[in-house]
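Now for the letters of each chain:
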Amino acid sequence: MRKIIHIDCDCFFAAIEMRDDPSLKTLAVAVGGSVDRRGVISTCNYTARAFGVHSAMATNYALRICPQLVLIPHHFNKYKEASEGMHHIFQDYTDLIEPLSLDEAFLDVSASTHCSGSATLMAREIRQRIKKEIGITASAGIATNKFLAKIASDWNKPNGEFVILPTEIEGFVKNLPVNKLFGVGKVTAQKLQNLGIIYCSDLHRHDKIELTKIFGRFGERLHQLSRGIDDRQVNTSRSRKSVSIEHTYPNDLHGIDSCIKEIPRLYQSFQERQRKSSSQKSIHKAFVKVKFADFSTTTVERRADCPTLEAYQDLLKEAYSRAEQPVRLLGIGVRFKEEQYLGNLAQLELFPS
Ligand code: TTP
Ligand code: MG
């Protein structure tokens, strides 16, 4: 039986800004891009959430529904520093840490002897240390696998924790809406709803074979998740599958020529980013992403070991031809070879559950 903790900070970027300027604490605060640059909200505090503001919302709209919203620009260095500080805390409890983002990580504490081996007490202590040493609050979920731990950390957010004991799994998943299952997006949720499946208990009426017939390989996963089963390891060597850079333009780009002209600048920033990451991975594909004025998005990719500027310009022509509308965002990037992951997975087998 494994002991997994999922830690997720509360309104992370906004929490850092409130820590550094306590006068913000009583106000509705968001961190994001400005209206004149057609920015979006990265996150907002819980006061702003009460007005309906949320991540990925256009700043312009957020200010309309919450006119008193205090908008703060990003300070990524501070977020990164806080994230590193949290990782130092995690390392006092286990080496098996899988970061999911700057403010979120899975910890496998199965073998840890801290707090007499109690994952619940470790999670509490970690939250207290994050508060004291970093100055922000985090929520924690404690369970026997990653899927349940992640759902649990959200259960009593903000500044809360939730434990799902092995004996409670069956009762817990029974009443869990299927859209909470990892991998169930809007389309699958709708498909499930059409079959009268709203809660995990509804999924229990269908056996593995039936679910596989309807949902392919994902059917098997649905069968397992709906029973609270998830064998995924805490992946300490989680590695990126792609690297990209994208830019949202303050004014839409009109015509293919003005889009093509933007590629050299993107290409240069992208190369800088790659240099900094000093990645040793082999490139497998190059891709270009285009978001049009109507927010529709298209991606074109092609096999390439070492994509040139011209290769990206060709990909862009193909992507643009799919809609031929004004362009809001351009992105370029690379995907890495799959073997890298198999290598990492093999390494993970060194840490059996
Ligand atoms: P989340 O953990 O998803 O959100 P949060 O920490 O702000 O709020 P919650 O209390 O619900 O956990 O994301 C962590 C940070 O990542 C968030 O503070 C800002 C950034 N982020 C974006 O920049 N864009 C996004 O769309 C999301 C979801 C997050
Ligand atoms: Mg968070």
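Structure first, text after, so check above.
Residues numbered from 1 in each chain as written. Chains lettered and ligands numbered in written order. Predicted model: local features only at pLDDT ≥ 70, side-chain atom pairs only at ≥ 80, totals over all residues. Heavy atoms only, no water.

1. Some details on helix α6 (residues 146-155)
- Burial analysis of α6 places seven of its ten residues in the buried class, the great majority of the element.
- Looking at α6, one finds that the buried residues are Lys146, Phe147, Leu148, Ala149, Ile151, Ala152 and Ser153.
- Residue Asn145 occupies the N-cap position of α6, its side-chain oxygen lying 3.3 Å from the main-chain nitrogen of Phe147. (Buried < 20%, exposed > 50% of the residue type's maximum accessible area, 1.4 Å probe, protein only. Helix = DSSP H or I, 4+ residues; strand = E, 2+ residues; numbered from the N terminus. Polar contact = N/O pair within 3.5 Å; in protein donor to acceptor, adjacent residues only side chain to side chain.)

2. Here's the deal with unusual backbone geometry
- Cis geometry marks the peptide bond from Lys157 to Pro158; its omega dihedral reads -5 degrees.
- In the Ramachandran plot, Asn159 falls in the positive-phi region, its phi being about 55 degrees despite a non-glycine side chain.
- Looking at where Asn159 falls in the secondary structure, it is placed in the loop between α6 and β8 (161-163).
- For Asn159, a relative accessible area of 45% corresponds to the partly exposed category.
- Positive phi is not limited to glycine here, since Glu324 has a value of about 50 degrees.
- Turning to its location among the elements, Glu324 is positioned in the loop between α13 (309-321) and β12 (327-336).

3. A short note on the packing of aromatic side chains
- As enumerated under the stated definition, the model contains ten aromatic pairs in all.
- For the ring pair Phe13 and Tyr79, a centre distance of 4.1 Å and an interplane angle of 10 degrees mean the geometry is stacked. On the criterion of sequence distance, the pair formed by Phe13 in helix α1 (residues 12-20) and Tyr79 in helix α4 (residues 76-91) is long-range, its members being 66 residues apart. Accessibility classification places Phe13 together with Tyr79 in one group, the buried group.
- Measuring from ring centre to ring centre gives 5.8 Å for Trp155 and Phe162, while their planes differ by 25 degrees; the resulting arrangement is stacked.
- Taking the relative accessible area as the measure of exposure, Phe162 reaches 22% and is therefore partly exposed.
- A network of ring pairs unites the aromatic residues Phe12, Phe13, Phe76 and Tyr79 as a single cluster.
- When the ring centre of Tyr46 is taken as reference, the NZ or CZ atom of Arg49 above it lies at 4.2 Å.
- We note Arg335 situated over the ring of Phe287; from NZ or CZ to the ring centre the distance is 4.1 Å. (Phe/Tyr/Trp six-rings, centres within 6.5 Å; stacked < 30°, edge-to-face > 60°. Lys NZ or Arg CZ within 6 Å of the ring centre and 35° of its normal.)

4. Some details on the sheet that holds β12
- Taken in spatial order, the four strands make up an open sheet running β9-β12-β10-β11, and their pairing is antiparallel. Of all the strands in the sheet, just β9 (242-253) and β11 (297-303) have a single pairing partner and so form its edges. Averaged over all adjacent pairs, the angle separating strand axes in this sheet is 15 degrees, with direction ignored.
- Across nine bridges, strand β10 (residues 283-292) lies against β12 in antiparallel orientation. Pairing of Lys289 across the sheet is with Gly331, part of β12.
- Across the sheet, α13 is in contact with β10, β11 and β12; its angle to β10 comes to roughly 40 degrees. (Pairing = 2+ DSSP bridges. Axes fitted to C-alpha atoms, helices over the stretch in contact; angles between N-to-C directions. Contact = heavy atoms within 4.5 Å.)

5. Notes on the coordination of the magnesium ion (ligand 2)
- The magnesium ion (ligand 2) binds to the protein through Asp8 (OD), Cys9 (O) and Asp103 (OD); the donor distances cover 2.1 to 2.3 Å.
- Considering all six donor atoms around the magnesium ion (ligand 2), the spread of angles at the metal, 84 to 176 degrees, places the coordination shape in the octahedral class.
- For the magnesium ion (ligand 2), the single-chain donor residues occur in sequence as D-C-x93-D.
- Residue classification places Asp8 among the buried residues on the basis of a relative accessible area of 12%. (Donors = N, O, S within 2.8 Å, 3.2 Å for Na, K, Ca; no water. Tetrahedral: all angles 85-135°; square planar, octahedral: opposite > 155°, others 65-115°.)

6. Quick look at helix α11 (residues 217-225)
- Of the positions making up α11, those classed as buried are Gly219, Leu222, His223 and Leu225.
- Structurally, α11 contributes buried residues whose contacts are with α6, α7 (169-174), α8 (186-194), α9 (200-203) and α10 (208-215).

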